[in-house]
Amino acid sequence: MRAITYAEFGDASVLELSDIPEPNPGPDEVIVEMRAAALNPVDWKARQGYLEGTIRTVFPTVPGWDIAGVVVKLGADVPEFAVGDEVFAYARKDVLRDGTLAERVAVPVRALAHKPTSASFEEAAAVPLTGLTALRSVRRAEVSEGDRVLIHGGAGGVGSFGVQLAALAGASVTATASARNHEFLRELGATPVEYGDGLLERALAVQPDGYDVILDFAGGGAIAATASAMRPGGRVVTIADGKGAAEHGGSIVWVRPDGAALAELAELIDAGKLRVEVASVYPLAEAADAYRRLEGGHVRGKLVVVP
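The text that follows walks through the structure, step by step, so that each part is easy to find.

The rules behind the values
- Residues numbered from 1 in each chain as written.
- Predicted model: local features only at pLDDT ≥ 70, side-chain atom pairs only at ≥ 80, totals over all residues.
- Heavy atoms only, no water.
- Helix = DSSP H or I, 4+ residues; strand = E, 2+ residues; numbered from the N terminus.
- Rg over C-alpha atoms; globule rule 2.2 N^0.38 Å.
- Contact = heavy atoms within 4.5 Å.
- Lys, Arg positive; Asp, Glu negative; His and termini not counted.
- Charge placed at Lys NZ, Arg CZ, Asp CG, Glu CD.
- Buried < 20%, exposed > 50% of the residue type's maximum accessible area, 1.4 Å probe, protein only.
- Pairing = 2+ DSSP bridges.
- Axes fitted to C-alpha atoms, helices over the stretch in contact; angles between N-to-C directions.
- Parallel < 35°, antiparallel > 145°, perpendicular 65-115°, else oblique.
- Left-handed = near helix turned anticlockwise from the far one by under 90°.
- Nonpolar A, V, L, I, M, F, W, Y, C, P; charged D, E, K, R; others polar.
- Core = buried A, V, L, I, M, F, W, Y, C linked by side-chain atoms within 4.5 Å.

Before going further, it helps to examine the overall build of the protein. For the protein, the count of helices and strands is ten helices and 17 strands. The C-alpha radius of gyration computed for the protein amounts to 19 Å, which stays within 12% of the reference 19 Å derived for 307 residues, consistent with globular compactness. Each principal axis of the C-alpha atoms in the protein carries an extent, and together these give about 60 × 40 × 30 Å. Partitioning the contacts of the protein with sequence separation of at least 6, the portion at a separation of at least 24 is 69%. When the 29 basic and 41 acidic side-chain charges of the protein are each reduced to a single mean position, those positions are 2 Å apart.

In structure tokens:
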């Protein structure tokens, strides 16, 4: 079968379209025929070796952790799914080797959920990593009715879900983004504020009494820049600045495969309560070009690869 692989750490030039053996399912796995796989910044960071010491890499490596597709083979004990089911998953494993940019992928049942019926395969593939990260962050911060929430990086993949989930929880949401994404944030349910010098003053202009929660999906010193806007007892959660969160009594989120939580997101999508943003779709053979675009930054929504 065809897959994107790399045999050494490096930039997008190390990516190749390869022919590799088809996987067999373990006892608690299914084989998913990939209809779409989404790209995430962590993919290229792993490919450049930045995750060494956190996750072991085995070469040749297939990148990708997000997938949507159809079940074509079952493991020995998988009563939850049947051949022909349309599914999606955050399919990260304990070793970087068998990713989702392949025509068929073995996926553990713990990571799998039925695809939202109202979403295309491309839209479904854009959900798992970012949607689960946002959900875990909102829950870690215990966002609830009446909270005033400041979200850094609100127009990004994780941030756009975070805005919507915080608003669904009944919070009043302010989110940082560049000016070109302000209308997008308003559509998601947030009051937008501009990045850069004067950010603290602009954030306090929206909520003069300060914020109960800061969700940092951007890093780059965003927590330090706005920490003084936190109310007493405020909560800080980040995916990008563990040191900054720790200095203010907060915590860092590293998303886990979670089929049950993914099923919750699917229900929200089918209920019309959660919007999914796909920026562009690329054929598998052009995955390297897609990664180059992702590494260039400023992509609103997700880049998706199809076979």
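Among the five residues of strand β10 (residues 148-152), five are classified as buried, and the element is accordingly described as predominantly covered. Side chains of β10 alternate between two faces, with Arg-148, Leu-150 and His-152 and Val-149 and Ile-151 buried alike. Both β10 and strand β11 (residues 172-177) contribute to a ladder of four bridges, which runs parallel. Its bridge partner being in β11, Arg-148 is matched across the sheet by Ser-172.

To continue, consider the packing of helix α3 (residues 128-140) against helix α4 (residues 157-168). Orientation of α3 relative to α4, taken along the N-to-C sense of each, is 45°, at an axis distance of 8 Å. The angle between α3 and α4 places the two elements in the oblique class. Considering only the axes of α3 and α4, their crossing is right-handed. Between α3 and α4, the residues in contact are Thr-130, Gly-131, Thr-133, Ala-134, Leu-135 and Val-138 and Gly-157, Val-158, Phe-161, Gly-162, Leu-165 and Ala-166, respectively. Split by residue class, the contact of α3 with α4 holds seven nonpolar, five polar and no charged.

Counting residues in hydrophobic clusters, the biggest one holds 95 residues, and the most contacted among them are Leu-101, Val-107, Ile-151 and Leu-215. The greatest single-element share of this core, amounting to six residues, is contributed by strand β3 (residues 29-38). When near neighbours in sequence (up to four residues on either side) are disregarded, Leu-215 contacts Ser-137, Val-138, Ala-141, Val-149, Leu-150, Ile-151, His-152 and Val-237. Counting nine residues, the second largest nonpolar core, distinct from the first, contains Tyr-211, Ile-223, Val-236 and Ala-245.

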